[in-house]
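Analysis of the macromolecular model
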Amino acid sequence: VQLSFGHVRLLNQISERILEVRLRVNQFLRDSTAERKAVVDEVWTRYETLLTEATVKITDPERKAILDQITTISPQYSVAFGTIASNMEERNAILADMDAQVRRVEDNAAQFMENESLARMAYDLQVSMTRLRVDVASYQLYAGDPIWSDRFNARYDDGIVAMGLLGEAITSSQDRQLYET
């Protein structure tokens, strides 16, 4: 069966939208921002619109069967992407919260540097926090390589030890108040 120019064009547009969806999803996976997610959603909507149009306009049984397969699989892809996007949004929120907490610890530790008896322990705490942040960034950069989560866990443990040592050495109530914030 010979397809009309309009049908061929429509099928080509669907192929283009599939490729664009894949491109935009990959961009989102590298840089999971709300803006990237919105672009994926927009391209997906255009793809679904074309797919709906094609299922109405194309009646050739062979091509209709292919469209039916695509129509069946597409919602599964959409749900899977939605799950991934949700997990990435949750991860980003956790990382942002953790970064804020680490910065607060680093800032507070810097204030202890003025106290000669606490300076070394405050320095050790700052180093632990800096290394922890580097490990988190490396984990993100190297696509979740487990070596970086292992290093993060070790740095976290180092930070707990450094905080404990600092806490034990604090004698003034003013320093204690700063330590506990």
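See the structure printed just above.
Residues numbered from 1 in each chain as written. Predicted model: local features only at pLDDT ≥ 70, side-chain atom pairs only at ≥ 80, totals over all residues. Heavy atoms only, no water.

**A word on the overall build of the protein**
Summing up its helical and strand segments, the protein has six helices and zero strands in all. In sequence order, the protein lays out its α and β elements as α-α-α-α-α-α. For a compact globule of 181 residues, the expected C-alpha radius of gyration is about 16 Å, and the protein comes in at 27 Å, more than 25% above that figure. In terms of principal-axis extent, the alpha carbons of the protein reach across some 85 × 30 × 20 Å. For the protein, the proportion of its 181 residues judged to be buried stands at 29%. Sequence separation of at least 24 residues holds for 61% of the intrachain contacts in the protein that already meet a minimum separation of 6. With an accessible surface of roughly 11,800 Å², the protein has 54% of that area assigned to carbon and sulfur atoms. Looking at charge distribution, the protein has the averaged site of its 20 positive side-chain charges lying 8 Å from that of its 28 negative ones. (Helix = DSSP H or I, 4+ residues; strand = E, 2+ residues; numbered from the N terminus. Rg over C-alpha atoms; globule rule 2.2 N^0.38 Å. Buried < 20%, exposed > 50% of the residue type's maximum accessible area, 1.4 Å probe, protein only. Contact = heavy atoms within 4.5 Å. Areas by Shrake-Rupley, 256 points an atom, 1.4 Å probe, with all protein chains shown as cover. Lys, Arg positive; Asp, Glu negative; His and termini not counted. Charge placed at Lys NZ, Arg CZ, Asp CG, Glu CD.)

**Focus on the environment of Arg104**
With respect to the helices and strands, the residue Arg104 is situated in helix H3 (residues 61–112). Judged by its relative accessible area of 42%, Arg104 falls in the partly exposed class.

**Remarks on the pattern of salt bridges**
Enumeration according to the criterion identifies 13 salt bridges in this entry. For Arg103, the salt bridge is made with Asp99, and the minimal N-O distance between the two is 2.9 Å. Note that Arg103 and Asp99 are positioned in helix H3 at a spacing of four residues, about one turn of the helix. A salt bridge links Glu106 to Arg133; the nearest nitrogen and oxygen atoms lie 2.7 Å apart. Within this pair, whereas Glu106 is found in helix H3, its partner Arg133 is found in helix H4 (residues 116–141), the two being separated by 27 residues in sequence. One connected set of salt bridges, linked through shared partners, spans Arg17, Glu20, Arg24, Glu42 and Arg46. (Salt bridge = Lys/Arg side-chain N within 4 Å of Asp/Glu carboxyl O.)

**Examining the packing of aromatic side chains**
For any pair of aromatic rings, the description consists of the separation of the ring centres together with the inter-plane angle of the planes. On inspection of all chains with the given rule, the structure shows four aromatic pairs. Relative to Phe81, the ring of Phe28 has its centre 5.4 Å away and its plane inclined at 70°; by these criteria the two rings are edge-to-face. Here the residue Phe28 occupies a position in helix H1 (residues 5–30), and Phe81 occupies one in helix H3, the gap between them amounting to 53 residues. Taken as a pair, Phe28 and Phe81 share a single burial class, namely buried. Ring geometry for Trp44 against Tyr77: centres 5.6 Å apart, planes inclined by 10°, an arrangement best described as stacked. Of this pair, Trp44 sits in helix H2 (residues 34–57) while Tyr77 sits in helix H3, placing them 33 residues apart in sequence. A residue is classified by how much of its surface remains accessible, and Trp44, at 12% relative accessible area, is buried. According to the relative accessible area criterion, Tyr77 is partly exposed, its value standing at 35%. (Phe/Tyr/Trp six-rings, centres within 6.5 Å; stacked < 30°, edge-to-face > 60°.)

**Focus: the layout of surface pockets**
Computed from the structure, the largest pocket encloses a volume of approximately 310 Å³. For the lining of the largest pocket, the elements supplying multiple residues, two or more each, are H3, H4, helix H5 (146–169) and helix H6 (173–179). The residue makeup of the lining of the largest pocket, split by class, is 15 nonpolar, four polar and two charged. (1 Å grid on protein atoms, 1.4 Å probe; cavity = no way out; pocket = protein on both sides within 12 Å on 5 of 7 lines; lining within 4 Å. Points joined across faces, edges and corners; volume = space filled by probe spheres on them. Nonpolar A, V, L, I, M, F, W, Y, C, P; charged D, E, K, R; others polar.)

**A short note on the packing of H3 against H4**
Packing of H3 against H4 brings their axes to within 8 Å, and their N-to-C directions diverge by 160°. Considered as vectors, H3 and H4 are oriented roughly antiparallel to each other. The two elements H3 and H4 meet at a crossing, and its hand is left-handed. On H4, the residues touching Arg91, Leu95, Met98, Asp99, Val102, Arg103, Val105, Glu106, Ala109, Ala110 and Phe112 of H3 are Leu118, Ala119, Ala122, Leu125, Gln126, Met129, Thr130, Leu132, Arg133, Val136 and Gln140. A breakdown of the residues in the contact of H3 with H4 according to their chemical character gives 14 nonpolar, three polar and five charged. (Axes fitted to C-alpha atoms, helices over the stretch in contact; angles between N-to-C directions. Parallel < 35°, antiparallel > 145°, perpendicular 65-115°, else oblique. Left-handed = near helix turned anticlockwise from the far one by under 90°.)

**Structural notes on the environment of Ile84**
Note that Ile84 resides in helix H3. Its relative accessible area of 39% is what places Ile84 among the partly exposed residues. Measuring from C-alpha to C-alpha, the distance between Ile84 and Leu29 comes to 8.8 Å, with 55 residues separating the pair along the chain.

**Regarding the packing of H4 against H5**
The interhelical angle for the contact between H4 and H5, taken along N-to-C directions, is 160°, at an axis separation of 8 Å. Put simply, H4 runs roughly antiparallel to H5. For the crossing formed where H4 meets H5, the hand is left-handed. Of the residues contributing to the contact of H4 with H5, the split by class is 16 nonpolar, four polar and six charged.

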